[in-house]
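# Residue-level structural notes
Each chain, written out:
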Amino acid sequence: MTDRSVEQIWQSPPDPIAPILDAPLSPAVSISPDHKWLIELERSALRPLAELAEPELGLAGFRINPKLNSPARYSPYKSLRVKPLLDGVAEAIALPDHAGIGFVRWSPDSQKLAFALVKETGLELWVMDLLQRIPQRLTAPILNATYGTPYRWMTDRSLLCKLIPSDRSTPPIEPVLPPGPIIQENLGRKSANRTYTNLLQNAHDESLFDYYLTSTLEQVTIEGTQTVLVKPSLIKEAIPSPDGKFILLKTLHRPFSYQLPASRFPCQIQVLDDAGTLIQEIADLPLADRISTKFDAVRPGRRSTGWRSDRPSTVSWIEALDEGDPTQNVPFRDALFQLNAPFDHAPQLLWQSQFRFRRILWGREDVALTWEKEYDSRKLRLWQINPAQPETPPHLLIDRSSEDQYSDPGMPITTIGKYHRSVLRFTPDGDALYFSGRGASPDGIYPFLDRRALQTAVSERLWQCQAPYFESIVTMLDDAAQTLITARQSQTEPPNYFLRPTTGQPIPLTAYPDPAPQFAGIHKEVVQYQRADGVQLSAKLYLPAGYDPSRDGPLPTIFWVYPAEFKDKTLAGQITTAENTFSRPYGASALFLLTQGYAILDDPSLPIVGEGDAEPNDTYLEQLISSVEAAINYLVHRGVSDRNHLGIGGHSYGGFTTANLLAHTNLFQAGIARSGAYNRSLTPFGFQGEQRTFWEAIETYNQMSPFTHAAQITAPLLLIHGANDSNPGTYPLQTERLYEALKGLGATVRWVSLPLEDHGYRSREAVGHVLWEMVRWCDRYVKKVRSEE
């Protein structure tokens, strides 16, 4: 077939796919901090394309809706229902017609619910008392949600809000003629950056950035009174202290950058009192334009600044001791500091980490938990520190590889503390903490609840879910761990919420139905097999309902792939997929092909291992091909598949993988590559798990680029890409150039560009069309069923 234009209209996928796409989703659920209320928020399954066509601006690494002063393509909820957690029926809350609901936040005392109502011209702030259930409007549509959080509760009766300045004029108008050339220079400084999108490009973009991100900071009471605390500024975040008496204010300022996103712009961090008066400056960070592309590189200076959740008004932050450069040979990488109100004395050092700091959870004066991690070695440590006595040596609780899922102790369970912030949950005697985790093991994934002693770090298993269920802990209702709220599902039961005694039968709190009963009866299992080099592999195998291999014979089979890098081949073979989950497709999922008579091997293990000093990607192709060959051998030996009816597909890095497998093997009859990157010289400062630059590993970059080997792609390849892809590295140009190369080489290739769509596809029209394309391509080239063109 020669290159030609085809009829460009939206197509609809075959039944029963279309009705499933249009079925309503189960609501999003939120439980109040005091565990007395449950709200249900109705979600839209897919959006009409017209909503994606609303005006938007790309500014400094993100996109905004200039009409609403909100993130572009923000998807609000459609309705709100409220019920007491343990009894009663959910009551629908009356709100204005056609208004969306967003940015939902419980009050500190759990008695009220605040939310933004998305109207035609902007976002209004509303509040509702849970007992009265009568929502009230607090502001006009003047919330500014373009960047950061638009509001937070300050006290039980007031909120701290970023509002559009009352005297804001019309937006800046782009000049008809540019005032002059756009000039950038670098005078010998190293300033390597990974690829970003939607960056500022000229002086007009800078003016737009100023215009839309400028807010006043105001206190709004639940009676609707507004008090200006901070005059118009580029407010990034404004966070009240736990006692509501101070404000941690983060503001951006010039100079801006045309190569970096707003998150790396100069940032001033200050403490104000509750009247907006400056108390103390914590930091004034310069433009972060010299951060290494190494994964453990961070911004120099004070970062991760926030309030201690277990104290009324104590600021904490992390400061790099290696200038943010992980290649420096230093005894400690990061230090944790705190500064107590009234913030007029020297900061106090609480802890130093040998690896890069990752997170902290505060508990009480003598207990906090901190995590540190080193990417290159994959080492992960959890420490117990004593903030009240920093001279006390920290206690090492966990020391493991981040790749080792079987030894993962889970995460500590938290509760709402004295100051209405999240803190560690202690046992009644104060001597232990609770941890919940996924419970990965060679036998499967079974979430659990443990009691872990503080002094000995010895764990006691209190509860663990059992087959045939996958049941995870949502929250704990009491300090003694007698009663839990869980989310439970199985292969045949959709996810629902339960009240569960740790000893006894669960009581259902919700009863959401199967959103896609057309999929009832599909077969799902986690299968295991071995690569030629001995690495254990696994995958999720899906088979159509009623399929019997001995009766029906092999099925055309689609592999849907996405590799991962590892440093330890024994850990690369661990099973991390839960078999007992409820599987229903959503969006443009390849699982929809089950309805058309295909078997699906979803997310087969494709570990790219580089042990010791070796880099995983130096043998990327050899390991990738070996993993896929092992999967094919398993399926053929089992009788599920035959070698003449295999397709390969993937999204993003999976699309890149698909093109590579077609270029370097003859294992598949056709491929589907969605929103991928195919020429690694266009991502020269690293990609995925690759930290080296193009110039440090030219051979690896070239060998891994399917564009370089396009002449070897002989199997039919379907290329799909969102025309507005904002994901770093996966520019639509990547697919355009691969298509042009394949066309010039005489390949069988089809390129589908989806107008208005981003890296993930969100409109009903585009998702339906993508599935139509996928079914049509697989039927034509994998099933070998010829259809009309």
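Reading guide: rules and limits
- Residues numbered from 1 in each chain as written.
- Predicted model: local features only at pLDDT ≥ 70, side-chain atom pairs only at ≥ 80, totals over all residues.
- Heavy atoms only, no water.
- Pairing = 2+ DSSP bridges.
- Helix = DSSP H or I, 4+ residues; strand = E, 2+ residues; numbered from the N terminus.
- Contact = heavy atoms within 4.5 Å.
- Axes fitted to C-alpha atoms, helices over the stretch in contact; angles between N-to-C directions.
- pLDDT = per-residue confidence, 0-100.
- Buried < 20%, exposed > 50% of the residue type's maximum accessible area, 1.4 Å probe, protein only.
- Core = buried A, V, L, I, M, F, W, Y, C linked by side-chain atoms within 4.5 Å.
- Salt bridge = Lys/Arg side-chain N within 4 Å of Asp/Glu carboxyl O.
- Polar contact = N/O pair within 3.5 Å; in protein donor to acceptor, adjacent residues only side chain to side chain.
- Parallel < 35°, antiparallel > 145°, perpendicular 65-115°, else oblique.
- Nonpolar A, V, L, I, M, F, W, Y, C, P; charged D, E, K, R; others polar.

The next point concerns the sheet that holds strand β3 (residues 57–59). Strand order in this open sheet of 3 strands is β3-β4-β5, and the pairing throughout is antiparallel. The two strands at the open ends of the sheet, each matched to only one other strand, are β3 and β5 (70–71). Judged from the 2 bridges that link them, strand β4 (residues 62–65) and β5 form a sheet pairing that is antiparallel. Across the sheet, residue Asn65 finds its bridge partner in β5, namely Ser70. This element, helix α3 (residues 203–213), spans β3 and β4 of the sheet and lies at about 100° to β3.

For the protein chain, the average pLDDT comes to 94, and 98% of its residues sit at 70 or higher. Overall, residues 785–789 carries pLDDT values under 50, and its contacts beyond four positions in sequence, including any with other chains, amount to 11 contacts.

On to the environment of Ser436, then. Along the chain, Ser436 turns up in strand β30 (residues 432–437). As a C-alpha pair, Ser436 and Leu449 span 13 residues in sequence and 4.6 Å in three-dimensional space. Each residue touching Ser436, except ones within four places of it in the same chain, is listed here: Gly410, Met411, Ile413, Phe448 and Ile473.

It is worth spelling out the side chain of Ser215 at this point. For Ser215, the location among the structural elements is in strand β14 (residues 214–221). Ser215 sits in the buried class, given a relative accessible area of 0%. Ignoring sequence-local partners within four residues, the contact set of Ser215 consists of Asn144, Lys162, Leu163, Pro165, Lys231, Pro232, Ser233 and Ile235.

Moving on, we get to the nonpolar core. Counting 54 residues, the largest nonpolar core has Tyr529, Phe559, Leu601, Tyr620, Phe668 and Leu719 as the members making the most contacts within it. Looking at this core, the element that brings in the most residues is helix α6 (residues 620–638), giving 9 residues. Excluding anything up to four places from it in sequence, Phe559 contacts Leu601, Val628, Ala631, Ile632, Leu635, Leu646, Gly647, Ile648, Gly649 and Phe668.

So, on to the pattern of salt bridges. A pair can form between side chains of opposite charge whenever their charged atoms are brought close. Applying the stated rule across the entire model yields 44 salt bridges. Here Glu51 and Arg47 are joined by a salt bridge, their closest N and O atoms 2.8 Å apart. Arg47 sits in the buried class, given a relative accessible area of 7%. Among the charged side chains, a salt-bridge network with shared partners connects Arg303, Asp322, Arg333, Asp334 and Arg356.

Within the secondary structure, Glu365 sits in the loop between β23 (356–364) and β24 (367–374). Owing to a relative accessible area of 37%, Glu365 belongs among the partly exposed residues under this scheme. Once residues within four sequence positions are removed from consideration, Glu365 is found in contact with Arg308, Asp310, Arg311, Asn386, Pro387 and Ala388. At 2.8 Å, the side chain of Glu365 forms a polar contact with the side chain of Arg311.

Let us now look at the packing of α6 against helix α7 (residues 653–664). Contact geometry for α6 and α7: axes closest at 11 Å, N-to-C directions at 85°. Put simply, α6 runs roughly perpendicular to α7. Counting all contacts with α6, which are made through Tyr620, Leu621, Leu624, Ile625 and Val628, the residues of α7 involved are Tyr653, Phe656, Thr657, Asn660, Leu661 and His664. Residue classes in the contact of α6 with α7 are distributed as 8 nonpolar, 3 polar and no charged.

Here we take up the pairing of strand β34 (residues 459–464). Where strand β33 (residues 448–453) meets β34, 5 bridges bridge the pair, whose relative direction is antiparallel. Counterpart to Phe448 in the pairing with β34 is Gln464. Here β33 hands over to β34 after 5 residues, with Ala457 in that stretch at a positive phi of 65°.

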